[in-house]
Amino acid sequence: TIKNLLPKQIEKNIFSFGKWDLTKQDFIYSRFYIGDYHENFSGNTGTCNIQNETNYYGCIFNEFIFLNETYSLINENNNKPYIIYFSSEFNKIYFPKNFENKIKNCYLQKNKSEFICEKLKNKDYLSLKLRNDNMEITLEVDKINRFYNYSSSDGTTNILFHDFEYIIFPLVMLKNFHVQFDVEKKVISFFSNDTSILKVKKKTNETQKNENSDGISIGIIIFIIIL
């Protein structure tokens, strides 16, 4: 009908990208949702608060684990956490330059910008885990030619280094998740049924008690104001 052909009003500043389907030959499939919450995010979901000091949406995490080594995400220069921004524009990972010599078991090839990890030679990707206070999420660091025709040394990652004091992760790292950006509530949500790549920390009884106590206190204050 004509009614169905008319453009619809987007009422909420919310959008999300579905899990990538890599089973089709020569194509990558995903779905883009805009304007409302997706039902997936009532399931196994991790969250972080949006940090948007630049034109990217990002999060703060405590640390990351790569090739069995743990790295702090606190900037030693100013004692502030690095913000990790998520970008859909490219497939490169950008770390500040001071990570060049920190990341073990990998090296920057001389006279080139290629960052090589020997353990990537016979694989398509390496796992990288991010941790914050409520979740542990496992992302993928791809071999640079996994999805592109790119001539490089075997074991070359899609990691580069830049002069800025923040980190950029492309959405390709999150291909195994449904990712939702809720700009209104300033929250990024990550959904997966696979609990081996997304571990969401459950609230303890003590935390729930504190929250209930806070709720009771607020109720009492409101009641006193009304009286």
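Keep in mind that this is a model prediction, so the values were computed, not measured. (Residues numbered from 1 in each chain as written. Predicted model: local features only at pLDDT ≥ 70, side-chain atom pairs only at ≥ 80, totals over all residues. Heavy atoms only, no water.)

(A) How the structure looks around unusual backbone geometry. With a phi close to 65°, Asn-105 is a non-glycine residue in the positive phi region. On the secondary structure map, Asn-105 appears in the loop between β8 (93–96) and β9 (106–108). Its identity as a non-glycine residue notwithstanding, Lys-186 has a phi of 60°, on the positive side. Structurally, the position occupied by Lys-186 is in the loop between β15 (178–182) and β16 (187–191). (Helix = DSSP H or I, 4+ residues; strand = E, 2+ residues; numbered from the N terminus.)

(B) Quick peek at the side chain of Glu-140. Topologically, Glu-140 is positioned in strand β12 (residues 135–142). With relative accessibility at 7%, the residue Glu-140 sits in the buried group. In terms of polar contacts, Glu-140 uses its side chain to reach the side chain of Arg-146, at 3.0 Å. A distance of 2.9 Å separates polar atoms of two side chains, one belonging to Glu-140 and the other to Asn-176. (Buried < 20%, exposed > 50% of the residue type's maximum accessible area, 1.4 Å probe, protein only. Polar contact = N/O pair within 3.5 Å; in protein donor to acceptor, adjacent residues only side chain to side chain.)

(C) Fine view of the state of the cysteines. Going through the model one piece at a time under the given rule, you end up with two disulfides. Across the disulfide from Cys-48 sits Cys-59; the S-S distance is 1.7 Å. You can see Cys-48 sitting in strand β3 (residues 45–49) and its partner Cys-59 sitting in strand β4 (residues 57–60), a full eleven residues away along the chain. According to the relative accessible area criterion, Cys-59 is buried, its value standing at 0%. Here Cys-106 pairs with Cys-117 through a disulfide, and the sulfurs are 2.0 Å apart. Residues Cys-106 and Cys-117 share a disulfide whose torsion about the S-S bond is about 105°; that sign makes it right-handed. Of the two residues, Cys-106 is situated in strand β9 and Cys-117 in strand β10 (residues 115–117); the sequence distance between them amounts to eleven residues. Pair check on accessibility: Cys-106 and Cys-117 agree, each one buried. For the protein, the bonded cysteines connect in the pattern 1-2, 3-4 when numbered consecutively along the sequence. (Disulfide = S-S within 2.5 Å.)

(D) Fine view of a nonpolar patch on the surface. A surface patch of nonpolar side chains, about 300 Å² in accessible area, is lined by Ile-10, Phe-32 and Ile-34. Looking at the secondary structure, you find Phe-32 in strand β2 (residues 32–34). The exposure class of Phe-32 is partly exposed, given its relative accessible area of 48%. (Patch = residues over 30% accessible without salt bridge, like charges linked within 9 Å, V, L, I, M, F, W, Y side chains within 5 Å. Areas by Shrake-Rupley, 256 points an atom, 1.4 Å probe, with all protein chains shown as cover. Salt bridge = Lys/Arg side-chain N within 4 Å of Asp/Glu carboxyl O.)

(E) Main features of the packing of aromatic side chains. This model, assessed by the stated rule, comprises 19 aromatic pairs. An angle of 50° between the planes, with centres 6.3 Å apart, marks the rings of Phe-15 and Tyr-57 as tilted. Of this pair, Phe-15 sits in strand β1 (residues 14–17) while Tyr-57 sits in strand β4; the two residues are 42 residues apart in sequence, bridging distant segments of the chain. Taking relative accessible area as the criterion, Phe-15 reaches 17% and is therefore assigned buried. For the ring pair Phe-95 and Phe-169, a centre distance of 5.9 Å and an interplane angle of 80° mean the geometry is edge-to-face. Taken together, the residues span a long stretch of sequence, with Phe-95 in strand β8 and Phe-169 in strand β14 (residues 167–170) at a distance of 74 residues. Accessibility assignment for this pair places Phe-95 and Phe-169 in one class, buried. Following the ring pairs from residue to residue traces out a cluster consisting of Phe-64, Tyr-71, Tyr-82, Phe-95, Phe-99 and Phe-169. Above the face of the Phe-99 ring, Lys-102 is positioned so that its terminal group lies 5.0 Å from the ring centre. (Phe/Tyr/Trp six-rings, centres within 6.5 Å; stacked < 30°, edge-to-face > 60°. Lys NZ or Arg CZ within 6 Å of the ring centre and 35° of its normal.)

(F) Inspection of the environment of Ile-74 at higher detail. Position of Ile-74 among the secondary structure elements: in the loop between β6 (69–72) and β7 (83–87). Here Ile-74 falls in the partly exposed class, since its relative accessible area comes to 34%. Counting along the chain gives twelve residues from Ile-74 to Asn-62, while the straight-line C-alpha distance between them is 7.3 Å. Ignoring anything within four residues of it in the chain, the contact list for Ile-74 reads Asn-79, Lys-80, Pro-81 and Tyr-82. (Contact = heavy atoms within 4.5 Å.)

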